[in-house]
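Spelled out, the chains give:
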Amino acid sequence: MEQKKVSGPTIGIPRALLYHRYGVLWTEFWRQLGARVVVSKPTDRVTLDEGSALAEAEMCLSVKTYMGHVKALIGHCDYIMVPAYTGFGVRRTMCMTFQALPDITRAVFRNSGQKFLTCSIGPGRGMSEEDGLSSMAESIGYGKKDAVRAYRAASKKAAAAYDARVKQNEALYKKDGIKVIAAAHSYVAEDAFSGGYILEMLRKMGVTVIRADLTDRKKALARSTHFSPTMKWEMNREITGGMLNHWKEADGLLLLSVYPCASDSMVNEMITRKMEDCGLPILTLTLDAQNGVAGAETRLESFIDIIRMKKGMRL
């Protein structure tokens with residue numbers, strides 16, 4: 001299906017949370033329909049501060065960041081897309097934040113006059129991803145057939161883009177030198193004011209950083225089931241399985257999360273305990289809006305020094 005000329009409404013997409021997982025799919029879907037897509041700019045200090053001021057104190061850093069991105073889009077688009085992803089099946093649920101995100105967002109911005117496009121994607125009372133995205137398009141005047149064609153074209157492009165990223169990421173295991181697997185959600189690893197700066201620090205130290213979340217998802221899910229049959233969070237299972245399928249090819253493990261992520265706090269503790277005899281140094285970092293760069297840098301340097309000593313390298 002050829003992409004249509006821009007003639008429809010302007011759809012805003014916050015560059016946070018599941019955008020880092022579904023961004024190609026979402027943007028291509030609307031562009032195939034002929035809509036104009038506006039994605040908020042990468043996170044900066046203003047985004048984070050404004051989001052933190054809007055969000056409840058108990059919300060994690062990533063949700064606070066999300067609210068800052070939503071605010072940045074208000075007044076610049078006709079609709080802001082905020083779908084709910086509830087899960088993928090038995091013991092394949094999503095964090096409650098992703099399930100409640102449309103309600104949370106509308107409550108925070110209830111006086112803004114902004115229109116939001118929402119749907120519920122998942123088993124039970126939700127819809128398939130195709131039906132969910134199609135329902136949003138139909139709600140603003142697009143035809144069902146056009147929406148289905150747009151979704152299928154976008155889905156193929158998104159799958160190809162993800163496969164290419166996985167291939168590029170896994171090729172890093174063959175590189176020489178120190179290799180560290182970073183176990184973090186995509187919205188942490190790719191956001192400069194969440195965990196992105198941590199991974200960049202490692203790269204500047206000459207370390208090859210390999211992301212556990214960029215992996216063959218089916219293989220990762222299967223591996224994580226053997227590790228913990230009761231782990232229920234889909235993305236944590238993918239990350240854990242991606243790490244476990246390759247840990248023997250790495251020199252260290254970095255468990256990176258943001259405060260106060262409930263699922264990460266439990267899963268990372270379980271990984272630390274179950275992997276304590278694997279022979280690899282493990283560093284757990286939990287970040288929040290007040291974290292200073294200097295403290296994180298010192299811990300990273302000590303972590304890499306330990307790896308160097310184990311490998312018999314000069315410090």
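Bear in mind that the values here come from a model prediction, so they are computed numbers and not experimental data.

Undergrad: For the sheet that holds strand S3 (residues 79–81), give the residues involved together with the corresponding values.
TA: Strand pairing within a sheet occurs via backbone hydrogen bonds; the two strands may be parallel or antiparallel. The strand order across the open sheet formed by four strands is S2-S1-S3-S5, and the pairing between neighbours is parallel. Bordering the open sheet on either side are strand S2 (36–39) and strand S5 (115–117), each of which pairs with just one other strand. Each neighbouring strand pair of the sheet contributes to a mean axis angle of 35°, computed without reference to strand direction. As paired strands, strand S1 (residues 10–13) and S3 are joined by two bridges and run parallel to one another. Following the sheet pairing, Ile11 is matched in S3 by Tyr79. Together, S1, S2, S3 and S5 form the strand contacts of helix H3 (residues 61–73), whose direction differs from that of S3 by roughly 155°.

Undergrad: Go over helix H8 (residues 192–204) with me, naming the residues and quoting the values.
TA: Between its first and last C-alpha, H8 extends only 15 Å over 13 residues, short of the 18 Å set by a 1.5 Å rise per residue. Taken residue by residue, H8 has Ser194, Gly195, Gly196, Ile198, Leu199, Met201 and Leu202 as its buried positions. You can read the cap of H8 off the contacts: a side-chain oxygen lies 2.9 Å from the backbone nitrogen of Phe193, and it is on Asp191. Looking one or two residues past H8, Gly206 carries a phi angle of roughly 85°, positive in sign.

Undergrad: How would you explain the pattern of salt bridges if you had to name every residue and give the values?
TA: Summed over the entire model, instances satisfying the criterion amount to 17 salt bridges. For Arg21, the salt bridge is made with Glu238, and the minimal N-O distance between the two is 2.9 Å. Highlighted residues: Arg21 in helix H1 (residues 19–33) and Glu238 in helix H10 (residues 234–244), separated in sequence by 217 residues. Per residue, the accessibility class of Arg21 equals that of Glu238, and both read buried. As a salt-bridge pair, Glu138 and Lys144 come within 3.9 Å of each other at their nearest N and O atoms.

Undergrad: Tell me about the sheet that holds strand S10 (residues 282–287), residues and numbers included.
TA: The four strands lie next to each other as S8-S7-S9-S10, forming an open sheet whose pairing is parallel. Looking at the sheet topology across the chains shown, the edges are occupied by strand S8 (208–211) and S10. Adjacent strand axes in the sheet meet at a mean angle of 25°, parallel and antiparallel pairs treated alike. Across four bridges, the pairing between strand S7 (residues 179–183) and strand S9 (residues 252–258) is parallel. Considered in S9, the bridge of Ile181 is made with Leu253.

Undergrad: Give a description of the side chain of His69 that names residues and reports values.
TA: Tracing the backbone shows His69 in helix H3. When near neighbours in sequence (up to four residues on either side) are disregarded, His69 contacts Pro14, Arg15, Ala16, Ser40, Lys41, Pro42, Thr43, Thr47 and Asp191.

Reading the values: rules and limits
Residues numbered from 1 in each chain as written. Predicted model: local features only at pLDDT ≥ 70, side-chain atom pairs only at ≥ 80, totals over all residues. Heavy atoms only, no water. Pairing = 2+ DSSP bridges. Helix = DSSP H or I, 4+ residues; strand = E, 2+ residues; numbered from the N terminus. Axes fitted to C-alpha atoms, helices over the stretch in contact; angles between N-to-C directions. Contact = heavy atoms within 4.5 Å. Expected span 1.5 Å × (residues − 1). Buried < 20%, exposed > 50% of the residue type's maximum accessible area, 1.4 Å probe, protein only. Polar contact = N/O pair within 3.5 Å; in protein donor to acceptor, adjacent residues only side chain to side chain. Salt bridge = Lys/Arg side-chain N within 4 Å of Asp/Glu carboxyl O.

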